[in-house]
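# Observations on the model geometry
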Amino acid sequence: MALSWRSWLANEGSKHLFLFFWLSLNVWFFGKTFLLYNQGLQYYYLHQMLGLGLCVSRASASVLNLNCCLVLLPMCRVLLAFLRGSQKVASKKTRRLLDKSKTFHVTCGVTICIFSVLHVAAHLVNALNFSENYSEEFLTLNAANYRGEFKCKLLTSLLVPGLTGVIMVLVLFLMCTASTYAIRVSNYDIFWYTHNLFFVFYMLLMLHVSGGVLKYQTNLEEHPPGCFNPNKTLRQNLTVPKAFEELFPDYTTEPFPEDLPVPEPFVQNSFMRICSEEPKFQSHFPETWFWISGPLCLYCVERLYRYIRSNKPVTITSVISHPSNVLEVRMVKDDFEARPGQYVILHCPRVSALESHPFTLTMCPTDTKATFGVHLKVVGDWTERFRDLLLLHSNQDTEILPIFQQRRYPK
């Protein structure tokens, strides 16, 4: 029992430890942002207007920023291959952890879908509260034009955040549904083309936060939240002649007197901080670009590097059709070095302009023979078209012996 526990810890412990760290990071970001918008003095008036919807929308947005940053890193395959083969990463546990990059990518994607639903629901509640709790005292804080404004009209009036939010939900829905196992197996093209919409999703995400709908208070010293402004109250209720204006001087903010030993209950309850000016509100500077610009640039640089490297020609020397719809493709490429257990990414423009697939090397080049090869199972539309392109008669029966063909193949 102790040996099996030690074996499980050695093989799977690092993966679960990393998962626990990632989960803790999500909980910490959500809780920290939730408390900030729930108890922060700069969001006092905004929280009075929106309530719990404000806290949930901003807390879910922080989790989305984190996972939109991390979801691209497992797709940097050249970087992961370099780290895995580098002498700096000598630990077998670390290498096994890098092998789980696809699982982590899927985990981040599912998290993005879940918190996107929560984020959208919270903003629908915010739209309702903006309409119902329209403030005539703080006009700059309102997103609605008047009390009781129609909710759908309010969402469409916020052109940048509203329109980009709707399009992002549609793009995310397409990416999520096309990522299911049934669609990937039956029609991989749908999965591939919809998944590349993430470029559109990221561009819209950076535009989405530039609307500046939610505002925070900037002058907390001059106007503590909930303070009493006597100048405004008197001027609203009384018409004071100019001769008596000196009787109502401007009040300044003063804390509760510290020289009182134990304030009397009536003194403590009746005391109120005095504010000297009206609250001033300002929109947040967008921070989403700070999260996603680094991973997005890294991924784009890697895609460019892979495109340049893939321009070197690869010659198919032979194709062997094995039983059970298995193809063995043997190829030659100049200056190609590989070790057993590595994989190559096959891209055939005559099959698909953008689609490519990884396959493990089953035959590696040596010092005396430059040929390398892969075995692939014909299970989807891409492999079917690839087989039809390589084999002269793709519908032949190969249940007993493999069939060897050698001719001029496409690049």
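Nothing here was measured: the structure is a model prediction, and the numbers come from that model.

Here the focus is the overall build of the protein. Helix and strand content of the protein: 15 helices and eight strands. Of all 411 residues assigned to the protein, the portion counted as buried reaches 36%. Nonlocal contacts in the protein, meaning residues at least 24 apart in sequence, comprise 66% of its contacts between residues at least 6 apart. Total accessible area on the protein is roughly 25,500 Å²; 64% of this is exposed by carbon and sulfur atoms.

Turning our attention to the UniProt feature "transmembrane region" (unreviewed entry) in the protein. Under the UniProt annotation, the feature "transmembrane region" (unreviewed entry) is placed at residues 20-39, 59-83, 104-125, 158-183 and 190-209. Taken end to end, residues 20-39 is 100% helix and 0% strand, and its two terminal C-alpha atoms sit 28 Å from one another. Helix makes up 76% of residues 59-83 and strand 0%, whereas the separation of the span's terminal C-alpha atoms amounts to 33 Å.

Here we come to the pattern of salt bridges. On inspection of all chains with the given rule, the structure shows five salt bridges. Between E302 and R306 there is a salt bridge whose closest N-O contact spans 3.2 Å. Note that E302 and R306 are positioned in helix α14 (residues 288-310) at a spacing of four residues, about one turn of the helix. Pair check on accessibility: E302 and R306 agree, each one buried. For the salt bridge of R385 with D381, the shortest nitrogen-to-oxygen distance reads 3.9 Å. One end of the pair is R385 and the other is D381, both in helix α15 (residues 381-390) and four residues apart, which spans about a single turn. By relative accessible area, D381 is classed as buried at 12%. If you follow the salt bridges from partner to partner, you end up with D189, D381 and R385 in one network.

Looking now at the nonpolar core. A general feature of soluble globular proteins is that nonpolar side chains tend to end up buried together. Within the largest apolar cluster, 27 residues are counted, with the highest numbers of intra-cluster contacts made by C68, F198, F201 and Y202. For this core, the elements supplying multiple residues, two or more each, are α1 (2-39), α3 (52-70), α6 (101-132), α8 (159-178), α11 (198-208) and α14. Beyond its immediate chain neighbours, meaning those up to four positions away, Y202 contacts C68, V71, L72, I292 and L296.

Once that is clear, we can look at the environment of V332. For V332, the location among the structural elements is in strand β4 (residues 326-333). Judged by its relative accessible area of 26%, V332 is partly exposed. Between the C-alpha atom of V332 and that of T371, which follows or precedes it by 39 residues, the distance is 5.0 Å.

Once that is clear, we can look at the side chain of S352. Position of S352 relative to the elements: it lies in the loop between β5 (343-346) and β6 (357-363). At a separation of 3.3 Å, a polar atom in the side chain of S352 contacts the side chain of Y193. Other than its neighbours up to four places away in sequence, S352 contacts D189, Y193, H347, W382 and R385.

What counts, and at which threshold
Residues numbered from 1 in each chain as written. Predicted model: local features only at pLDDT ≥ 70, side-chain atom pairs only at ≥ 80, totals over all residues. Heavy atoms only, no water. Helix = DSSP H or I, 4+ residues; strand = E, 2+ residues; numbered from the N terminus. Buried < 20%, exposed > 50% of the residue type's maximum accessible area, 1.4 Å probe, protein only. Contact = heavy atoms within 4.5 Å. Areas by Shrake-Rupley, 256 points an atom, 1.4 Å probe, with all protein chains shown as cover. UniProt positions renumbered as here; feature names shortened; annotations may be inferred. Salt bridge = Lys/Arg side-chain N within 4 Å of Asp/Glu carboxyl O. Core = buried A, V, L, I, M, F, W, Y, C linked by side-chain atoms within 4.5 Å. Polar contact = N/O pair within 3.5 Å; in protein donor to acceptor, adjacent residues only side chain to side chain.

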